[in-house]
Amino acid sequence: MGLLERLRKEWFILGIVLVIAVARLEPAVGVKGGPLKPEITITYIAVSAIFFNSGLSLKTEELTSALMHVKLHLFVQIFTLVFFPTAIWLFLQLLSITPINEWLLKGLQTVGCMPPPVSSAVILTKAVGGNEDPPCLVSFLELSWDEISLKQQSSQMSGSERVPEALVW
């Protein structure tokens with residue numbers, strides 16, 4: 001396999017590396033309020049475009065078939081929402097007896113409780129030629145779960161801590 005052919009095959013991973021390198025060189029472009037307006041373009045436009053594009057390619061029969069994979073969906077949800085946060089919690093208990101900064105541990109705890117990025121499962125599955133129906137459904141389920149939990153958290157907070165309603169949408 002020649003270099004050019006390999007580059008064409010691995011275009012997505014190379015694109016990610018390129019974007020990371022550009023962001024490292026010029027981080028001001030992607031900051032909140034910067035020229036790319038990531039608070040709008042990423043949150044609403046990019047994620048919507050990814051799901052719209054994936055939805056256009058889904059066939060009803062394949063979607064129904066993916067919906068019937070109950071064991072897969074249960075596994076992914078339990079792994080993402082129960083196993084991983086529990087493993088991180090146990091890891092943090094171990095790290096808490098070391099001299100690691102308390103705020104670093106709190107940051108790890110926060111990241112450990114967050115679900116994975118919604119669109120990455122769909123994009124990476126599509127990039128390797130896999131069946132993107134299950135990741136679409138799993139991402140939809142996680143989005144629905146996140147929306148419910150954000151609304152519950154927002155209703156329990158005082159006025160100054162409240163999550164803006166636009167973010168909970």
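What you are looking at is a predicted structure, and each value in this text was computed from that prediction instead of being measured.

Some thoughts on helix α6 (residues 102-113)
Piece 1. Compared with an ideal rise of 1.5 Å per residue, which puts 12 residues at 16 Å, α6 spans 17 Å between its outermost C-alpha atoms and is within 8% of the ideal.
Piece 2. The residue sitting at the N-terminus of α6 and contributing the capping side-chain oxygen is asparagine 101; that oxygen lies 2.7 Å from the backbone nitrogen of tryptophan 103.

Comments concerning the environment of cysteine 113
Piece 1. Structurally, the position occupied by cysteine 113 is in helix α6.
Piece 2. Owing to a relative accessible area of 52%, cysteine 113 belongs among the exposed residues under this scheme.
Piece 3. Taking the C-alpha atoms as reference, cysteine 113 lies 9.0 Å from valine 82; in sequence the two are 31 residues apart.

Structural notes on helix α5 (residues 70-95)
Piece 1. Look at α5: 36 Å from first C-alpha to last across 26 residues, which is about the 38 Å you get at 1.5 Å a residue.
Piece 2. At phenylalanine 79, α5 is deflected by roughly 40°, the largest bend along its length.
Piece 3. Inspection of α5 places His73, Gln77, Thr80, Pro85, Ile88, Leu92 and Leu95 among the buried residues, and these make up the whole buried set.

Points about the packing of aromatic side chains
Piece 1. Per the stated rule, a full pass over the model turns up 3 aromatic pairs.
Piece 2. Measuring from centroid to centroid gives 5.0 Å for phenylalanine 79 and phenylalanine 83, while their planes differ by 25°, and the two rings are stacked. Of the two residues, phenylalanine 79 and phenylalanine 83 are both situated in helix α5; the distance of 4 residues between them amounts to about one turn of the helix.
Piece 3. For phenylalanine 83, a relative accessible area of 46% gives the class partly exposed.
Piece 4. Counting every residue linked through ring pairs, the aromatic cluster contains Phe75, Phe79 and Phe83.
Piece 5. The positively charged end of lysine 106 is found above the aromatic ring belonging to tryptophan 103, 4.3 Å away from the centroid.

About the criteria used
- Residues numbered from 1 in each chain as written.
- Predicted model: local features only at pLDDT ≥ 70, side-chain atom pairs only at ≥ 80, totals over all residues.
- Heavy atoms only, no water.
- Helix = DSSP H or I, 4+ residues; strand = E, 2+ residues; numbered from the N terminus.
- Expected span 1.5 Å × (residues − 1).
- Polar contact = N/O pair within 3.5 Å; in protein donor to acceptor, adjacent residues only side chain to side chain.
- Buried < 20%, exposed > 50% of the residue type's maximum accessible area, 1.4 Å probe, protein only.
- Bend = angle between axes of the 7 residues up to and from the residue.
- Phe/Tyr/Trp six-rings, centres within 6.5 Å; stacked < 30°, edge-to-face > 60°.
- Lys NZ or Arg CZ within 6 Å of the ring centre and 35° of its normal.

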